[in-house]
Amino acid sequence: MTQHKEKIENEYKSIREMHQRNQEEEDMKKKLLKEEEVADLREGLYKRLELLKREYANFTHKAVFDTLVVKKK
């Protein structure tokens, strides 16, 4: 019975070690951006946001005049 418990504990330990190694590998792949790169990304995102706001505003405020009475006016 204790041998089974030991095997199970060893398996859990190896799984935890494997997860830890995977996490360390993922952390090594990450890199910090320079302030200049962050500023460029932020500027690009703000420009894109403004463009989307304008497109949305133009789209939502257009009225479809499809009735005969409105078309004659």
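See the structure shown above.
Presented here is a report on the structure given in the accompanying data block. Just so it is clear, the structure is predicted and the values come from calculations on it, not from any experiment.

Below, the discussion takes up the overall build of the protein. When helices and strands are counted, the protein shows three helices and zero strands. Taken as a whole, the protein presents about 8000 Å² of accessible surface, with 57% of it coming from carbon and sulfur.

Here we come to the pattern of salt bridges. Close approach of charged atoms allows side chains of opposite charge to pair. Under the counting rule described, the total for this entry stands at four salt bridges. Residue Lys47 is joined to Glu43 by a salt bridge in which the shortest nitrogen-to-oxygen separation is 3.3 Å. You can see Lys47 and its partner Glu43 sitting in helix 2 (residues 35–60), four residues apart, about one turn around the helix. Accessibility expressed as a relative area gives 56% for Lys47, which makes it exposed. Residue Glu43 is classed as partly exposed on the basis of its relative accessible area of 42%. Of the charged contacts in the structure, one is a salt bridge between Lys53 and Glu50, with a shortest N-O distance of 3.7 Å. Residue Lys53 and its partner Glu50 are located together in helix 2, separated by three residues, close to a single helical turn.

Moving on to a nonpolar patch on the surface. Together, Ile8, Tyr12, Ile15 and Met18 make up a nonpolar patch on the protein surface, roughly 380 Å² of accessible area in all. Relative to the helices and strands, Met18 resides in helix 1 (residues 2–29).

What counts as what
Residues numbered from 1 in each chain as written. Predicted model: local features only at pLDDT ≥ 70, side-chain atom pairs only at ≥ 80, totals over all residues. Heavy atoms only, no water. Helix = DSSP H or I, 4+ residues; strand = E, 2+ residues; numbered from the N terminus. Areas by Shrake-Rupley, 256 points an atom, 1.4 Å probe, with all protein chains shown as cover. Salt bridge = Lys/Arg side-chain N within 4 Å of Asp/Glu carboxyl O. Buried < 20%, exposed > 50% of the residue type's maximum accessible area, 1.4 Å probe, protein only. Patch = residues over 30% accessible without salt bridge, like charges linked within 9 Å, V, L, I, M, F, W, Y side chains within 5 Å.

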